[in-house]
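Fold and geometry: a report
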Amino acid sequence: MDTSAQEALAPTKGLSKAACTLEMERRQGTAQEGYITLEYKGEQFRTWYQSIGYSPRNPSRPLVVIHGGPGLTSRYLSTLAGLHATRSIPVIFYDQLGCGRSYFPSLSDKPPSFWSLELFLAELDNVLRYLGIRDSAEKGFDLFGHGFGGVIAAEYASSVGPRGLKKLVLSSTPASSELWVQSRIRALDELPPDISDILKVLEKVAHIQSDEYQRMITHYLRKYVCTLDPWPQHLTESMVSATKSPTVVHSLFVLLSISTSLQHCSFVSQTRPELL
């Protein structure tokens, strides 16, 4: 490797593969980020976004990524940025309102009823409009949703169905909120009783922010969310962010319950049998 190449790569030492990819995209001028103003029910909010290789002049169809949680950030999905380097696919990330770089202290005063599926659908629609791809029938966009992000993506595709949407990709997405809760209860029961019983009691008395709950929930996360040891840096950063600003996750979904706004969410009747 020549000296110039070594100098170019040196600052990326110690970074995760995902972070290196994003850093190289920034150096090449293909990564951009900023805030999009969202007007919702008479108030203004800001959504942070980042685009990798996207430009209105770029003929390639972008992939819009919706992170899960609820309450995580787009950081744990940053490896998808590699699609631009390997497949020339523009990738667009954004942190949902109340999460990561879209969290603002004033949001902590919002009641649980504010954090609804309607809010996140409006936010997604706003991001697509801002980028000018919502109704772009010629180029359009693909939508990738992971976990709760898949719930947003599926509901958006079925209820809004913009002309620009070409492909929908759902990863680890529940078909209904009822099934989602049922699967979590089954998973919890597979943990040792001294862990599952404590988690159930603490959730019942609303002590989910206690240190004891956080210690116990780690066992669940390491068995069902990510089995790697240690966790990838980008996942750890998303988890830490959710802990520091837990407004969304505590308002929408804890282990054994779900918010009123999501209780009747289901895509079972809209799924064609031949796709199952």
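Residues numbered from 1 in each chain as written. Predicted model: local features only at pLDDT ≥ 70, side-chain atom pairs only at ≥ 80, totals over all residues. Heavy atoms only, no water.

**Some points on the pattern of salt bridges**
- Considering all chains together, one arrives at nine salt bridges under this definition.
- Between Arg 101 and Asp 95 there is a salt bridge, with its nearest N and O atoms 3.5 Å apart.
- A relative accessible area of 34% places Arg 101 in the partly exposed class.
- On the accessibility criterion, Asp 95 (0% relative accessible area) is buried.
- Asp 135 is paired through a salt bridge with Arg 134; the nearest N and O atoms lie 3.0 Å apart.
- Salt bridges linked by common partners bring Asp 125, Arg 129, Arg 134 and Asp 135 together as one network. (Salt bridge = Lys/Arg side-chain N within 4 Å of Asp/Glu carboxyl O. Buried < 20%, exposed > 50% of the residue type's maximum accessible area, 1.4 Å probe, protein only.)

**Things to note about unusual backbone geometry**
- Following Gly 69, the chain continues to Pro 70 via a peptide bond in cis, the omega torsion being -5°.
- The omega torsion across Asp 229 and Pro 230 is 0°, close enough to zero to call that bond cis.
- Tracing the backbone through its elements, the reader meets Pro 230 in the loop between α8 (211–224) and α9 (233–244).
- One non-glycine residue, Lys 41, lies in the positive phi region at around 50°.
- When you line up the elements, Lys 41 lands in the loop between β1 (31–40) and β2 (43–52).
- A positive phi is found at Ser 172, a non-glycine position, where the angle reads about 50°. (Helix = DSSP H or I, 4+ residues; strand = E, 2+ residues; numbered from the N terminus.)

**Some thoughts on the pairing of strand β3 (residues 63–66)**
- Of the two faces of β3, both are covered, the one formed by Leu 63 and Val 65 as well as the one formed by Val 64 and Ile 66.
- Here four bridges tie β3 to strand β4 (residues 91–94), and the two strands are oriented parallel to one another. Paired with Leu 63 across the two strands is Val 91, which belongs to β4.
- The parallel pair β3 and β4, bridged by helix α3 (residues 82–87), forms a crossover whose chirality is right-handed.
- Bridge count between β3 and strand β5 (residues 141–146): four bridges; the pairing is parallel. Residue pairing across strands places Val 65 opposite Phe 144, the latter belonging to β5. (Pairing = 2+ DSSP bridges. Right-handed = clockwise from strand over helix to strand, strands pointing away.)

Purely spatial values, then, with no claim about function.
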